[in-house]
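Residues per chain, in single letters:
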Amino acid sequence: MRPSARPRRLAAIFPLLLPAWLAAQTRELGPQARPFVSVDAPVVALTHVRVLDGTGAPAKAGQTIVITGERITAVGPADRVSVPRDAQVLDLAGHTVIPGIIGLHDHMYYSSAAGGSMKPMLQSYPRLFLAAGVTTIRTTGSVDPYQELNLRRAIDSGLVAGPDIVATGPYVQGPGPGPGAMHPLSGPEDARRMVRYWAEEGITWFKAYTNVTREELGAAIAEAHRLGVKVTAHLCSVGFREAVALGIDNLEHGYLDDWEFFPGKEPDKCPAQWDKLGAVYGALPTEDPAVQATIHDMVSHHVAMTSTLAVIELGMPNRVPRDQRVLDALFPDAAAAIEKYYAGSGAAPNDSVTRRAFRKAMDFERAFVRGGGLLGAGADPCCLSAIAGYADQRNFELLVEAGFTPEQAVQILSANGARILGRADRVGTVAPGQQADLVVLRGDPSTAPGDIRNVVKVFRKGVGYDSAKLTASVKGLVGLR
Ligand SMILES: [Zn+2]
């Protein structure tokens, strides 16, 4: 059952005064959510915990967090925050709390040679995202928007365990080679028609793709903005600066998917000379005026960027850490393929050129943030070892490797994503009044980034889910359903 409008409004006005009985009466969880819940009390206190609050501020030890119903009602040191008498207390000494991760490029599909191309993962992915600490996703390119909209409703109403879903329309793609789940646009009017239809169905973001023309992209953006929805893109045929000029809201992947630095690129055409990209981009300094002009354009037009380092790393299999959890989650045929992939067989170039270009992609993200840009992150759990949730966690490790502090990396994974989605007043930080979307980790990712993988519990709207139970329930399912 959904909370009625009245307690919601009261909660918004008096977040700290919301009585426990009022919040408690709003929860009813269905059979596909209830078995995974380990904490469901009207008032919960997390004590003796380290907090990385999502603002980028230094980690704070010895904190108490009070959750009342769906919201955080107090955060602070133990001597200043009193634990309510009726609270269920979780002593979290040795643990860290971060805000629920906001995955901005978190598809609901996975492609494997054995399991099929762009196959919806409607059973495994929602649980796996939640198990890994991801409490909000934007699907950023959908192969079945109705399934995503229906799943969003099922999760919203408590029937199914999973993250909040920002459903995305089908890819806004031009004709040419591309996966079969996309409609090839016939021109700008077709782009407008598609945006209009899906916006009316409840879609709030669109993602344009590699073969779209400037004219089609411009038409899609104008129509989307007219209807109050937004557009992001994984580009190739159109450059970042061209997209910024057309009014785009967000750009995916970053440096290595901005082909405007590629010599001889023709307008509206995707060069797709992947073999040469690494050498050209690896040799281009971040201080180059062309690179700086792109960053300046994005920042001055408030165009956010989505970091997807985990999926970009897939081009270098020997660099990707072998993750037993990924092998356990995949169905056996897909897992066998990933074992070979980890061993480096039959994969894309894994040489120093590719590594240098990857380093430049990291440098570009640092330069973008230094220049005032808003950087979020997303998993792109499309394929190979990049699967739901675990790829979001890998992003954290790679952002730290790129040179961000762990506190900044948490901010990129949470508060920045919330800002990009226009939800910063509700999610993305650990603060009184915010929705209680929280990740409880064993250890301390501010000193050991790998501890981001040690998720114990995940709170979504104040309900605590058991990460191990969620994970166990999808064993062997990724790639199948
Ligand atoms: Zn993607």
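Structure: see above.
What counts and how
- Numbers given for residues are sequential positions, taken from 1 along each chain in its written order.
- Confidence filtering applies because this is a predicted model: local features only for residues at pLDDT of at least 70, side-chain atom pairs given and counted only at 80 or more, and all residues used for totals across whole chains, interfaces and linings.
- Computation of side-chain values: all heavy atoms of the structure, hydrogens and water removed.
- Counting from the N terminus, the helices are the DSSP runs of H or I reaching at least four residues and the strands are the DSSP runs of E reaching at least two.
- Any pair of nitrogen or oxygen atoms within 3.5 Å is treated as a polar contact; in protein, a donor-acceptor pairing is required on top of that, and neighbouring residues in sequence qualify only through side-chain atoms on both sides.
- Note on contacts: a residue pair qualifies if any of its non-hydrogen atoms lie within 4.5 Å across the two residues.
- Here, a disulfide means two cysteine sulfur atoms that sit within 2.5 Å of each other.
- Only protein chains enter the calculation, and the probe is 1.4 Å; a residue is then buried if its accessible area is under 20% of its type maximum, exposed if over 50%, and partly exposed in between.
- The rule for donors is simple: N, O or S, within 2.8 Å of the metal, or within 3.2 Å if the metal is Na, K or Ca. Water isn't counted, so a site may look like it is missing partners.
- To obtain an axis, a line is fitted to C-alpha atoms, over the contacting stretch when the element is a helix, and the angle between two such axes runs from 0 to 180 degrees between their N-to-C directions.
- The scheme is simple: roughly parallel for angles under 35 degrees, roughly antiparallel for over 145, roughly perpendicular for 65 to 115, oblique for anything else.
- Crossings are classed by handedness, with left-handed meaning an anticlockwise turn of the near helix from the far one by less than a right angle and right-handed meaning a clockwise turn.
- Gly is placed with the polar residues, together with every amino acid not listed as nonpolar (Ala, Val, Leu, Ile, Met, Phe, Trp, Tyr, Cys and Pro) or charged (Asp, Glu, Lys and Arg).
- A pair of aromatic rings is counted whenever rings of Phe, Tyr or Trp (Trp by its six-membered ring) have centres within 6.5 Å, and the orientation is called stacked for planes under 30 degrees apart, edge-to-face for over 60 and tilted otherwise.
- Here, a charge over a ring means that NZ of Lys or CZ of Arg falls within 6 Å of the ring centre while also lying within 35 degrees of the ring normal.
- Any carboxyl oxygen of Asp or Glu within 4 Å of a side-chain nitrogen of Lys or Arg constitutes a salt bridge here.

Caption draft 1: Spotlight on the side chain of S414. Turning to its location among the elements, S414 is positioned in the loop between α15 (406-413) and α16 (415-420). Here the side chain of S414 touches G428 through a polar contact of 3.3 Å, landing on its backbone oxygen. With residues up to four places along the chain from it excluded, the contact list for S414 reads G54, P99, G100, I102 and G428.

Caption draft 2: Seen up close, the state of the cysteines. Across all of its chains, the model carries two disulfides by this definition. Linked covalently through their sulfurs, C236 and C270 form a disulfide whose S-S length is 1.9 Å. Across the disulfide from C236 to C270, rotation about the S-S bond amounts to roughly 75 degrees, and the bridge is consequently right-handed. Taken as a pair, C236 in the loop between β13 (230-233) and α7 (240-245) and C270 in the loop between β14 (250-252) and α8 (274-282) lie far apart in primary sequence, 34 residues in all. Here C236 falls in the buried class, since its relative accessible area comes to 1%. Across a sulfur-sulfur distance of 2.0 Å, C382 and C383 are joined as a disulfide pair.

Caption draft 3: Here's a closer look at the coordination of the zinc ion. For the zinc ion, every protein donor is listed as H105 (NE2), H107 (NE2) and D380 (OD), and the spread of their distances is 2.1 to 2.6 Å. Summarised as a motif, the one-chain spacing of the donors to the zinc ion is H-x1-H-x272-D. Of this pair, H107 sits in the loop between β7 (101-103) and β8 (109-112) while D380 sits in the loop between β16 (375-377) and α14 (390-402), placing them 273 residues apart in sequence. Comparing H107 with D380, the two get one shared label, buried.

Caption draft 4: How the structure looks around the packing of helix α9 (residues 289-300) against helix α13 (residues 352-370). Following both chains from N to C, one finds α9 and α13 inclined at 45 degrees, their axes separated by 10 Å at the closest point. Classified by the angle their axes make, α9 and α13 are oblique. In terms of crossing hand, the pair formed by α9 and α13 is right-handed. Within the contact between the two elements, α9 uses V291, T294, I295, M298 and V299 and α13 uses F364, A367 and F368. Among the residues forming the contact of α9 with α13, the class breakdown is seven nonpolar, one polar and no charged.

Caption draft 5: Spotlight on the environment of I137. Along the polypeptide, I137 turns up in strand β10 (residues 134-138). Of the residues examined, I137 reaches a relative accessible area of 0% and is grouped as buried. Taking the C-alpha atoms as reference points, I137 and L104, 33 residues apart in sequence, are found 5.8 Å from one another. Beyond its immediate sequence surroundings of up to four residues, I137 is in contact with G103, D106, M108, F129, P163, D164, I165 and V166.

Caption draft 6: Inspection of the packing of aromatic side chains at higher detail. Per the stated rule, a full pass over the model turns up 11 aromatic pairs. Through a chain of ring-to-ring contacts, the aromatic side chains of Y255, F261, Y281 and F364 assemble into a single cluster. It is R325 that lies over the ring of Y390; its NZ or CZ is 4.0 Å from the centre. Residue placement shows R366 over the ring face of F404; its charged tip is 5.5 Å from the ring centre.

Caption draft 7: Expanded view of the pattern of salt bridges. Under the defined criterion, the tally for this structure stands at 22 salt bridges. A salt bridge links E189 to R196, with the shortest nitrogen-to-oxygen separation between them at 3.8 Å. Classification of E189 as partly exposed rests on a relative accessible area of 46%. The residue R322 makes a salt bridge to E339 at a minimum N-O spacing of 2.7 Å.

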